[in-house]
Amino acid sequence: MNLKKAGFSTRAIHAGEKQSETGAVITPIYQTAPFEFKNAAHAARVMGGKEKGYVYSRGLNPTTEELEEKIANLEEGEAALAQGTGMAAISAAIFTEIKTGDHIIADEVIYGSTYDLFVDLKKFGVDVSFIDTSDVSNVENIIRRDTKLVFFETPANPTMKITDIKAVSDVAHEKGAKVFVDNTFMTPYLQQPLLLGADVVIHSATKYLNGHGDTLGGLIIGPSEFIKRARHTAKNIGGAISPFNSWLILRGMKTLGLRMDRHNENATSVAGYLENHEKIKKAIYPGLLSHPQHDLAKKQMRGPGGMIAFLLEEAREVPHFLDSLRLCTLAVSLGETSTLIQHPATMTHAVVPREERIRYGITDELIRLSVGIEDVEDIIEDIEQALKQV
Ligand code: LCS
């Protein structure tokens, strides 16, 4: 069957999966560091790049390769590279593309460690401008001839603001800059940045792609030429994923479509509930008509996703509210079966200096909810009883 033409879930289940020599239906876990050469001449050909072959799992591993092929298929990119964490994927992608003296534009609202990585780049002589990419005119105003790349998440972690992938890509390409989109919150089921003009897509596979909260992983998808260079850079940085973790993500991805439908459905109900609750100052969710970029969300996303941000009236109510929850789990991370809740100001984004954080909308009363796939009535009931305590 031509998998390129098949539906999303058919591809999520079958793409990348190879027939094993034993007939095993499920991908084997090649839990090995090195691979044996057939002989010295074979080693010379493989090491010299004249013949494809497995050498060492830091560079290439058959289980991980299936994961790479599956995500490349789902994002409709030419090739992909898997890494041990989302941050390893982001680092490898960035270090593949930039050098001292280059300029990077990054959205000011991004995951805390990604922000911290970009701040660190300044010490290597890379000029980083943090701006609000959700207003494309900000990109137009700041982009320069030496701008190498524009990086953003959409929706952004944790404020849920949305950047127009096509509009920013058009502006960036006019100046010869590349666009890297972190698609972790959406997954290819809900958004495909490469089809909207982005050059490279990055995922923390730790989240929805794996979907079960039991492993870390990162993925980079883009043109073969870029992935080839990224594989070289990544091999030297050394952030390889273990074959077992690749296998877990491969397994998780088979149910991605089913899970994302349920995340969409549950989060839509929870967001509607929160928006109408008297103790909630504001609920921010792309599926709500009140989201300032609801129309853009409908245009570039196939669904609103499972992430919600909301504000309590007062920051001092936050700890008591969080401590009163019984079903929702107080934990960082997101995109798994369980509903997870956290306070960005003191948790995922504590690394962003307070003044900047507040300016970006990551205020002290903001709470982030990753709506799981439990029965939605139970999630709402838990939030309801906790809100009664504040
Ligand atoms: N990109 C996004 C959008 C993320 O949310 C995260 C992690 C990463 C990249 C990094 O991926 P990792 O290395 O953890 O696989 N976000 C987290 C969060 O919001 N809470 O805990 C981790």
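Student: Would you mind going over the nonpolar core with me for this structure?
Tutor: The tendency in soluble globular proteins is for nonpolar side chains to be buried side by side. Counting 69 residues, the largest nonpolar core has Ile94, Phe118, Phe151, Phe180 and Ile220 as its most contacted members. Examining the composition of this core, we find that five residues originate from one element, helix α4 (residues 86–97), more than from any other. Of the residues that make up this core, three or more belong to each of domain 1 (7–253) and domain 2 (256–387). When near neighbours in sequence (up to four residues on either side) are disregarded, phenylalanine 180 contacts Ala93, Ile94, Glu97, Leu149, Val150, Phe151, Phe152, Val200, Ile202 and Phe226. Counting residues in each nonpolar core, the second largest holds 27 residues, with Ala271, Tyr285, Leu312 and Leu387 among its members.

Student: Looking at this model, I keep getting lost on the site of the ligand. Mind explaining?
Tutor: Surveying the vicinity of the ligand reveals 18 residues, the closest of which are Asp182, Ser204, Thr206, Lys207 and Arg368. Taking aspartate 182, its side chain carries an N or O atom lying 2.6 Å from a nitrogen atom of the ligand. Protein chains shield 93% of the accessible area of the ligand, which is 470 Å² for the free molecule. Looking at the shell around the ligand residue by residue, the classes come out as five nonpolar, nine polar and four charged.

Student: Any chance you could explain helix α9 (residues 224–237) here in plain terms?
Tutor: Because each turn of an α-helix spans 3.6 residues, side chains separated by three or four positions end up pointing in the same direction. Between its first and last C-alpha, α9 extends 20 Å over 14 residues, near the 20 Å set by a 1.5 Å rise per residue. Those residues of α9 lying buried are Phe226, Ile227, Ala230, Thr233 and Ala234. All buried residues of α9 fall inside an arc of 125° around its axis, so they share one side. Facing away from the buried surface of α9 by more than 90 degrees, the exposed residues are Lys228, His232 and Asn236. Against the buried residues of α9 lie β1 (79–83), α4, β5 (178–182), β6 (200–204) and β7 (218–222).

Student: I'm lost on unusual backbone geometry in this one. Help?
Tutor: Peptide bonds are mostly trans, and most non-glycine residues show a negative phi. The residue after threonine 154, namely proline 155, is reached through a cis peptide bond having omega -5°. Along the chain, proline 155 falls in the loop between β4 (147–153) and α7 (165–174). Following asparagine 157, the chain continues into proline 158 via a peptide bond in cis, with omega recorded as 10°. Residue position: proline 158 is located in the loop between β4 and α7. Even without a glycine there, the phi angle at methionine 160 is positive, about 65°. Here methionine 160 is to be found in the loop between β4 and α7.

Student: How should the domain arrangement of the chain be read in this particular structure?
Tutor: A common way to express how large an interface is: the accessible area buried when the components associate. We note that the domain assignment places domain 1 (7–253) and domain 2 (256–387) within the chain. Sorting the residues of domain 1 by area buried against domain 2 places Ile162, Leu190 and Tyr208 first, and these three jointly supply 22% of that buried surface. Counting across the domain 1 and domain 2 interface gives zero salt bridges. Breaking the side of domain 1 that touches domain 2 down by element, the ones donating at least two residues are α1 (8–14), α5 (112–121), α8 (187–190) and α10 (243–253).

Student: Sorry, what's going on with the packing of α4 against α9 here?
Tutor: Two measures define how a pair of helices packs: the angle their axes make with one another and the distance between the axes. The interhelical angle for the contact between α4 and α9, taken along N-to-C directions, is 115°, at an axis separation of 8 Å. Here α9 runs roughly perpendicular to α4, going by the angle between their axes. Like other packed secondary-structure pairs, α4 and α9 cross with a definite hand, here right-handed. Touching Ser91, Ala92, Ala93, Phe95, Thr96 and Glu97 of α4 are Phe226, Arg229, Ala230, Thr233, Ala234 and Ile237, all from α9. Residues belonging to the contact of α4 with α9 are distributed by class as follows: seven nonpolar, three polar and two charged.

Student: Any chance you could explain the layout of surface pockets here in plain terms?
Tutor: To find leftover empty space, one rolls a probe the size of a water molecule over the atoms. For the largest pocket, the calculated volume is near 820 Å³. Lining the largest pocket are 26 residues; nearest its centre among them are Lys52, Gly53, Gly59, Leu60 and Arg231. Taken together, the elements giving at least two residues each to the lining of the largest pocket come down to α2 (40–47), α3 (62–75), β1 and α9. Among the elements that take part in the lining of the largest pocket, α9 stands out by supplying seven residues, more than any other. Its residues placed into classes, the lining of the largest pocket shows 10 nonpolar, five polar and 11 charged.

Here is what the cut-offs are and how they apply
Residues numbered from 1 in each chain as written. Predicted model: local features only at pLDDT ≥ 70, side-chain atom pairs only at ≥ 80, totals over all residues. Heavy atoms only, no water. Core = buried A, V, L, I, M, F, W, Y, C linked by side-chain atoms within 4.5 Å. Buried < 20%, exposed > 50% of the residue type's maximum accessible area, 1.4 Å probe, protein only. Helix = DSSP H or I, 4+ residues; strand = E, 2+ residues; numbered from the N terminus. Domains from an automatic or database assignment. Contact = heavy atoms within 4.5 Å. Near = heavy atom within 4 Å. Polar contact = N/O pair within 3.5 Å; in protein donor to acceptor, adjacent residues only side chain to side chain. Areas by Shrake-Rupley, 256 points an atom, 1.4 Å probe, with all protein chains shown as cover. Nonpolar A, V, L, I, M, F, W, Y, C, P; charged D, E, K, R; others polar. Expected span 1.5 Å × (residues − 1). Arc of directions from axis to C-beta. Buried area = accessible area lost by both parts, 1.4 Å probe. Salt bridge = Lys/Arg side-chain N within 4 Å of Asp/Glu carboxyl O. Axes fitted to C-alpha atoms, helices over the stretch in contact; angles between N-to-C directions. Parallel < 35°, antiparallel > 145°, perpendicular 65-115°, else oblique. Left-handed = near helix turned anticlockwise from the far one by under 90°. 1 Å grid on protein atoms, 1.4 Å probe; cavity = no way out; pocket = protein on both sides within 12 Å on 5 of 7 lines; lining within 4 Å. Points joined across faces, edges and corners; volume = space filled by probe spheres on them.

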